[in-house]
Each structure stands twice: as structure tokens, then as C-alpha cells.
Amino acid sequence: MSHGRSEALIRWSLTRDDHQLRVDIRLDSREKLAATVLHVPFAQPFDRAIAEAAFTEQERPFQEAGERNMQRYLDLTGSEGGMLVVNRAKFGYRQVEGALEVLLLRGSVHAFGAGEHLSDAREYDYADQGISECSFVFCPHQEMLTRAERVRRAQRLHRVPETLLAEQHTGAEPRRQLSALELTECDGCVITAVKRGEDGGVIVRVQSCVSEEQRGELRLRDQRWPVVLPPLTVTTLHLTGNDCQMTNLLELHDEK
């Protein structure tokens, strides 16, 4: 579709046995001082909106006027069910006459100060010009989703595809067996990052999505590491041999 000098390619994906709708949008925007939104009408009303913020959530009435910030997801709930909107875009959302509008592009002037007026004698650099891509997944649900489930679905959309070599070539050295790192007995937590430690071992970052302390176990092949995770926090753990220690983002161990 096209509007003025701008064009948009929208792909809708609905797969069998998968109760979600994916929307991929590719925009070639030439608009100036004009916002571009994705308008999504719903057949049922929603009362509450829960949007992800920085390591927390913001809950408010969906009917509130004005644009609201959102990061990876927005969960809308009502008396007849809900809709999780997983977002890979840049800006926020708003409610307009019972429909959801997600702001995709602003088309504003870079570093536009408050109270400044545009002058015809001056050239400006406009934001959001050219090619932009964004994706959304719409997941209907009957009951309130737990925060951990919302985070997991958001991670799934943002995860970069990986390619693993399944068969070695003739004459190649045997490759080490690949195994998955698991976090068990912590339904309210998700692993967000795994990397090699600067001083050896393995660094694991775990996000707690619930307001209670979580106790569980990290597992890799035959190894086990008991963990205690504080509520609503991103915890960094350093795994070395049979030892598991809490560390900070600089990978310095907690001295307490």
C-alpha cells in the first residue's frame, strides 16, 4: 500500500495449530511531521493495559487518553478474555474509540526543542526517513497471563535465529556435544543471556518476573547449581565447576 511518497509492505502470518497472528511491516517512509500508526480494531472491549517498562510493568486503564510507552509487550484484559501484543518496534500505544493504535514512526525533526517553531529559511533533519521494519504478534488468551509467560513470548519474537552444525564433514575433528542450560523450579524466571566469563567459567543472567523470591536449580548435562533469585531483578551468576556465585555486570563477585 502507498500514501503520498511513502510505501508499506505488510505480511500477515497465521499458521495451523498456532493461536497467534504475526504481522511484519516494512515501511519506506518519506513523511515529515506526520505520525504513522498501526490501527487494530477489536471486537470486544478491554479494561486494563499492562505494558512492559524498564525491568518492570506499568498497569493502567486502557481507556486513558494519550500515548503510553511500551517496550516488548502490551497485555490487554477484559471480562471476556485478553490479548497479548508482542512488539518489535520503537514507540508507544494509545486507545482510540475501542481500537488499539501502535505508533510506528513519528516523522519529527531531530533535536526539536520545546517551543521552537520551524522556519522556512532553515533546513531540518527529519527522523524516521527511509526503510524501517517492525513486527508484532497478537496472542488471544482467556485468563490473565503470568508475567514470566509474557516475557518468554516477547523473547521469542526478539530472538536472533541461530544455525548449528548438525553433521561434521569428513576428516573434520569431532565437535563437542551441544547441551542446553536449563533453569528448573523457577516458573517466574527466564534466562536472558549466557556468555563466557571474562575470567573463565560461564556468566548467566536471569530475570525474575515475580514479586517473590525464587529458588531453583541451573542444570547443564550432569551438573547442578542451586540458585536463589531475588524478586523483580536481573541477577548475574558466575558458574565455575561446581560453584555458582552472584556477580555484578562487571563480573565482580559480591563480597557479602
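Higher on the page you've got the structure.
The model shown is predicted, which means the values in this text are computed figures rather than measured ones.

Q: How should unusual backbone geometry be read in this particular structure?
A: Outside of glycine, negative phi angles account for most residues, and trans bonds account for most peptide bonds. Its identity is not glycine, yet Glu 97 carries a phi of approximately 50°, on the positive side. Here Glu 97 lies in the loop between β9 (93–96) and β10 (99–105). Taking the relative accessible area as the measure of exposure, Glu 97 reaches 81% and is therefore exposed. Located in the positive-phi region is Leu 232, a residue other than glycine, with phi close to 50°. You can see Leu 232 is positioned in the loop between β16 (223–229) and β17 (234–240).

Q: What is the right way to look at the sheet that holds strand β15 (residues 214–220) in this model?
A: Paired through backbone hydrogen bonds, the strands of a sheet run either parallel or antiparallel to each other. Ordered by their spatial adjacency, 3 strands build an open sheet running β12-β15-β16, and the pairing between neighbours is antiparallel. Here the strands that pair on one side only, and so sit at the sheet edges, are β12 (182–184) and β16. Averaged over neighbouring strand pairs, the angle between their axes works out to 30° when direction is ignored. In terms of strand pairing, β15 meets β16 through 7 bridges, oriented antiparallel. When the bridges of β16 are listed, Arg 219 appears paired with Arg 224.

Q: Where do I start with the sheet that holds strand β4 (residues 36–41) in this structure?
A: Taken in spatial order, the 3 strands of this open sheet run β4-β10-β9, and their pairing is antiparallel. Of all the strands in the sheet, just β4 and β9 have a single pairing partner and so form its edges. Strand-to-strand twist across the sheet, computed as the mean angle between neighbouring axes with direction ignored, equals 30°. One ladder, built from 6 bridges, connects β4 with β10; its direction is antiparallel.

Q: What exactly am I supposed to notice about the packing of aromatic side chains here?
A: We describe a pair of aromatic rings using the distance from one ring centre to the other and the angle between the two ring planes. The full count for this structure, using the stated rule, is 1 aromatic pair. Pairing Phe 42 with Phe 46 gives two aromatic rings, centres 5.0 Å apart and planes at 85°, and the pair type is edge-to-face. Take Phe 42 and Phe 46: they sit in the same class, and that class is buried.

Q: Help me understand the nonpolar core, please; the structure alone is not making it clear to me.
A: Soluble globular proteins tend to pack their nonpolar side chains together in the buried interior. Ranked by internal contacts, the top residues of the largest apolar core, which has 24 residues, are Leu 74, Leu 100, Leu 104 and Phe 136. For this core, the secondary-structure elements that each account for two or more residues are β3 (21–29), β4, β5 (48–53), β7 (73–78), β8 (81–88), β10 and β11 (130–141). In terms of residue count, β10 provides more of this core than any other element does, 4 residues in total. Apart from the residues within four sequence positions on either side, Leu 104 is in contact with Ile 25, Leu 27, Thr 36, Val 37, Leu 38, Lys 90, Phe 91, Cys 134 and Phe 136.

Q: Would you explain the pattern of salt bridges in this entry?
A: Opposite charge on two side chains lets them pair, provided their charged atoms get close. As enumerated under the stated definition, the model contains 16 salt bridges in all. Ionic pairing is found between Arg 48 and Glu 59, a salt bridge with its closest N-O pair at 3.4 Å. Note that Arg 48 is positioned in strand β5 and Glu 59 in strand β6 (residues 56–61), a separation of 11 residues in sequence.

How each quantity is defined
- Residues numbered from 1 in each chain as written.
- Predicted model: local features only at pLDDT ≥ 70, side-chain atom pairs only at ≥ 80, totals over all residues.
- Heavy atoms only, no water.
- Helix = DSSP H or I, 4+ residues; strand = E, 2+ residues; numbered from the N terminus.
- Buried < 20%, exposed > 50% of the residue type's maximum accessible area, 1.4 Å probe, protein only.
- Pairing = 2+ DSSP bridges.
- Axes fitted to C-alpha atoms, helices over the stretch in contact; angles between N-to-C directions.
- Phe/Tyr/Trp six-rings, centres within 6.5 Å; stacked < 30°, edge-to-face > 60°.
- Core = buried A, V, L, I, M, F, W, Y, C linked by side-chain atoms within 4.5 Å.
- Contact = heavy atoms within 4.5 Å.
- Salt bridge = Lys/Arg side-chain N within 4 Å of Asp/Glu carboxyl O.

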